[in-house]
Amino acid sequence: MFALKFSIFLLSFAALTEAQEITFLYHICSNTTTFVRNSTYQANLNILLSSLAANATRSDINGFYNASTGHDVYDQVYGLFLCRGDVSVEVCQECVNRATNDVVQRCPIQKKAIIWYDQCFLRYSNSSIFSSSSQTDVLIMINVQNITVNVKFNNRVVGSISDAAKEAASAPSGGKKFAAKNVSYTWEESLYVLVQCTPDLSKYDCIRCINLTLSYLPIYINNKQGGRVLFPSCNFRYETYLFYNVAAVVAMSPPPPPPPSPSPPLSTPVVPLPPSPGSITDGKGDGSKSMWIKVGAGLSAVIAVLFFSACTYTMRRRTNLRTEEIGNIQEEQLLDLAGRATVGDDYSEKDIQGEVTSQDLPLIRLDVIHEATKQFSDENKLGQGGFGPVYRGTLEDGKEVAVKRLSRTSGQGQREFLNEVVLIARLQHRNLVRLLGCCLEKNEKLLIYEYMPNKSLDVILFGSSNGVLLDWQRRLSIINGIARGLLYLHEDSRLRIIHRDLKASNILLDYEMNPKISDFGMARIFGGNQSEANTNRIVGTYGYMAPEYAMAGLFSVKSDVFSFGVLLLEIISGKKNIGFHLSEEGESLLTFVGYKSYLSIQKRITSNDFCYLNSGSLSTFQAWKLWSDGQGLELTDPMLEKSGVATEVLRCIHIGLLCVQEDPADRPAMSSVLHMLASDTIALPIPKQPGFSIGRFVAMEGQSSNQKVCSGNKLTISVLSPR
């Protein structure tokens, strides 16, 4: 994944005028990942670039082509090109050829690169870049001339680009997601806009991508005569002069629909032939009858049309009322749920019902979810959690979603469901999973999220062979992403959130392996300057809970920091944290001693008293002991042997151990953690012995439960109300 970069050009009017030759704009190389010259990766890259250049001559690909080469995960290369929608096949071919030659000169040893021209762009990476909206690199180009007419120019620009985006996104599958149009913004001046997405994006992702590009407009391009914002997946441009090929745009436009054929009359009047020239009729004769027949027929037609219109209106009205009724029922149920959830709850700092009524609720009808998930079919089932089953679905616009369905037998209930709706719907951050809607209909409680194709971190990290997908740079990127998400929850959002259940299975991975924190059912809101709280309802997961929380119910932002430290050590080692497990015999520590006694016992325990159950497990104490003995690298996942940087790995282990220290006051805040991760010049304090990471006894495979696994103090550590 590219680091987020902004490149801004201030160009004169002349520099923005259309040129006949291929015009280079800009390039970005990722210096964080490089390859060795004459390596397998370079060979695969050369094959890929040749393939892109060869396919640029095809007229059936609509100016877009993607491909990948290589089979080894460390040497795979993914690439694509996109030509502007209004250029010819010949111009597209020339532009792509130029790009394939130019990019290797400008980015000679970088594994990731993107190069823009006026007529096309080309991009490659060592991770998949297909069918996903990317905003990691931004190129902004500005016409330095200000507008001279005092009109609502910026609103017209945004409106025109939005209209063009909808038109581009509606292109059929495989077609060009491209649109260009001109609108008048004064009686004598016009505005010209162009919008384009890569054709592999869904309609939803295309519109969302363009909307994100528009967010840069008021910051950098306000009141300018022209400008453009280019993302790797979409772009827009506007000018006060014509800059695109009108003939090509017109040729792409669908033909206008044929004029509607006149409807036949509902009843055909019988009209007698006019009398012959010599015939005689009186005032009450055939001429009078003919006139009345015509009038009657016309009235019949009018009445029939009015009746048909009334029926149509009634049916539509009933449908709208039904939809509105369903929405009102869902809102009432959610408000009722909020009222009941606050009774006897520990949400003392926030009136959740007030939170619910103060926002627009994202409510989705059950029939829409049924259609998206194929009636919750087994083939669409992604997995099962404490909340209930999770299903994959596809909405009408092609957007893929994940649907959480609350099980009636779930250990979690209305309190957790409401918590998710109240919290996550109000939080917006790239490292938090996005809630798209919820449904409360026919005793169903459903949460609809954005779909994460790479599942959760634990699936890839602890899978038998999946860990190879995570080289060191990806793991470091995931660590930083989780840290940024936690910092947002703790300090940067308008609500101060303690997650309370941070673990590998609650970290989801998108198309580009970006981490997103999920599952806010156990989260708590802190109000004002509140820094900690106490609860009698202890929730969480073995191995991740801070000792002061597991033993005394005391939680704070430092509880999340402890969980983050455990998670960081798991990411580095590729092993699950088993906590500290003593002998299975004896009473529970909670029934044997109080919290203070527990702390004093902890200080007397030596490493020989702990059971390291098998080579696939990790404990924070074991990590601290190895690091203290100068053997920290022994914790490293063997799969990182090729890609790991020893100094970076050791520094991350050091940071992880600082996060799992026994005393919460000794643990750093997430803002400090991010600074430590970002800089190798900051001196780190020596970590103290970690606190207990609570866990249950688990016998080794092949051993009976009554066999001794290790000697110890004959105490068993347990946990209250685990998930």
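Now for a quick tour of the structure. (Residues numbered from 1 in each chain as written. Predicted model: local features only at pLDDT ≥ 70, side-chain atom pairs only at ≥ 80, totals over all residues. Heavy atoms only, no water.)

1. With respect to the side chain of aspartate 471
In plain terms, the rule: Under the scheme used here, helices are H or I runs from DSSP no shorter than 4 residues and strands are E runs no shorter than 2 residues, and both carry numbers assigned from the N terminus. Accessibility here uses a 1.4 Å probe with only protein chains present; expressed as a share of the type maximum, an area under 20% marks a residue as buried, one over 50% as exposed, and anything in between as partly exposed. His is not counted, nor are the chain ends; Lys and Arg add positive charge and Asp and Glu add negative charge. Note on definitions: salt bridges are taken to be side-chain nitrogens of Lys or Arg within 4 Å of carboxyl oxygens of Asp or Glu. Polar contact is defined as a pair of N or O atoms within 3.5 Å, subject to the rule that within protein one atom must be able to donate a hydrogen and the other to accept it, and that residues adjacent in sequence are counted only when both atoms are side-chain atoms. Any two residues having at least one pair of non-hydrogen atoms within 4.5 Å are treated as being in contact.
Structurally, the position occupied by aspartate 471 is in the loop between helix H12 (457–462) and helix H13 (472–492). Look at aspartate 471: it is buried, it has no salt bridge, and the nearest opposite charge is arginine 474 at 4.6 Å. Of note is the side chain of aspartate 471, whose polar atom sits 2.9 Å from the backbone nitrogen of arginine 474. Apart from the residues lying within four places of it in its own chain, the contact partners of aspartate 471 are Tyr74, Leu640 and Ser643.

2. Some words on helix H19 (residues 646–659)
Each α-helix turn comprises 3.6 residues. Residues three or four places apart therefore point the same way. Put simply, the rule reads: A helix is expected to reach a length of 1.5 Å times the quantity of its residues less one.
Its 14 residues give H19 an end-to-end C-alpha distance of 20 Å, which sits within 8% of 20 Å, the value for a rise of 1.5 Å per residue. The buried count for H19 comes to 10 of 14 residues, which makes it a mostly enclosed element. Within H19 the residues assigned to the buried category are Val649, Arg651, Cys652, Ile653, His654, Ile655, Gly656, Leu657, Leu658 and Cys659. Contacts made by the buried residues of H19 are with H13, helix H15 (557–573), helix H18 (620–628) and helix H20 (670–678).

3. Quick notes on the packing of aromatic side chains
Just so we agree on the cut-off: A pair of Phe, Tyr and Trp rings is counted when the ring centres sit within 6.5 Å of each other, with Trp represented by its six-membered ring. The angle between the planes then sorts it: under 30 degrees is stacked, over 60 is edge-to-face, the rest tilted. Each ring is checked for a lysine NZ or an arginine CZ that lies within 6 Å of its centre and within 35 degrees of its normal; such an atom marks a charge sitting over the ring.
For the structure on display, the rule yields 11 aromatic pairs. Here tyrosine 192 and tyrosine 244 contribute two aromatic rings whose centre-to-centre distance is 6.2 Å and whose plane-to-plane angle is 70°, an arrangement assigned as edge-to-face. With a gap of 52 residues between them, tyrosine 192 in strand E9 (residues 190–197) and tyrosine 244 in the loop between strand E11 (234–239) and helix H7 (246–252) connect regions that are remote in the sequence. Note on accessibility: tyrosine 192 and tyrosine 244 belong to one class, buried. Every member of this aromatic cluster is reached through a ring pair, and the members are Tyr192, Phe243 and Tyr244. Its end group placed over the ring of tyrosine 41, lysine 111 keeps NZ or CZ at 5.1 Å from the ring centre. Just above the ring of phenylalanine 243 sits the side chain of arginine 237; from NZ or CZ to the centre is 4.2 Å.

4. A short note on the sheet that holds strand E13 (residues 389–394)
Counted only if it meets this: We call two strands paired when DSSP finds no fewer than two bridges between them. In this description, a line fitted to the C-alpha atoms serves as the axis of each element, helices being fitted only across the stretch in contact, and the angle between N-to-C directions of two axes falls anywhere from 0 to 180 degrees.
Taken together, the five strands give an open sheet; going across it, the order is E12-E13-E14-E16-E15, and neighbouring strands pair in antiparallel fashion. This sheet does not close on itself; its edge strands, each paired only once, are strand E12 (381–384) and strand E15 (435–441). On average, adjacent strands in this sheet sit at an angle of 25° to one another, irrespective of strand direction. Two elements, E15 and strand E16 (residues 444–450), share six bridges in a ladder whose sense is antiparallel. Bridge pairing in E16 links cysteine 439 to leucine 446. Here helix H10 (residues 366–373) sits on the sheet in contact with E13, strand E14 (400–405), E15 and E16, set at roughly 85° to E13.

5. Some thoughts on the nonpolar core
Let me state the cut-off plainly: As used in this record, nonpolar core signifies buried Ala, Val, Leu, Ile, Met, Phe, Trp, Tyr and Cys residues forming a set joined through side-chain atoms within 4.5 Å.
In this structure, Leu457, Ile497, Phe520, Phe564 and Leu567 are the most contacted members of the largest nonpolar core, which totals 71 residues. A per-element tally of this core places H13 first, with 10 residues. Once residues lying within four places of it in the same chain are set aside, the contact partners of phenylalanine 520 are Asn419, Glu420, Leu423, Ile424, Leu427, Leu432, Leu489, Ile497 and His499. Counting 30 residues, the second largest nonpolar core, distinct from the first, contains Val138, Tyr216, Cys234 and Tyr238.

6. A closer look at the pattern of salt bridges
Within the structure shown, the criterion is met by 18 salt bridges. One salt bridge in this structure joins aspartate 637 and arginine 475, with 3.0 Å as the shortest N-O distance. With aspartate 637 in the loop between H18 and H19 and arginine 475 in helix H13, the pair connects residues that are 162 residues apart, well separated along the chain.

7. A short note on the pairing of E13
Every second residue of E13 is oriented toward a common face, the buried set being Pro389, Tyr391 and Gly393 and the non-buried set Val390, Arg392 and Thr394. When E12 meets E13, the two strands line up antiparallel, connected through three bridges. In the sheet register, glycine 383 faces E13, and the bridge partner there is valine 390. The loop that links E13 with its antiparallel partner E14 comprises five residues; one of these, glycine 398, has a positive phi angle of about 90°.

8. With respect to the state of the cysteines
Put simply, the rule reads: We call a pair of cysteine sulfur atoms a disulfide whenever their separation is within 2.5 Å.
Within this structure, the stated rule accounts for five disulfides. Two residues share a disulfide in this structure: cysteine 95 and cysteine 120, whose sulfurs sit 1.9 Å from each other. Handedness of the cysteine 95-cysteine 120 disulfide follows from its S-S torsion of about -85°: it is left-handed. Of the two residues, cysteine 95 sits in helix H3 (residues 89–106) while cysteine 120 sits in strand E6 (residues 120–125), which places them 25 residues apart along the sequence. Take cysteine 95: its relative accessible area is 0%, and that puts it in the buried class. For cysteine 120, a relative accessible area of 4% gives the class buried. Here cysteine 209 connects covalently by a disulfide to cysteine 234, the sulfurs 2.1 Å from one another. Around the S-S axis, the bridge from cysteine 209 to cysteine 234 shows a dihedral of about -85° and counts as left-handed. Placement of the pair is cysteine 209 in helix H5 (residues 203–214) and cysteine 234 in strand E11, with a sequence separation of 25 residues. When its relative accessible area of 0% is taken as the criterion, cysteine 209 is described as buried. A disulfide-free cysteine, cysteine 439 has its sulfur positioned 7.6 Å from the sulfur of cysteine 438, the nearest such atom.

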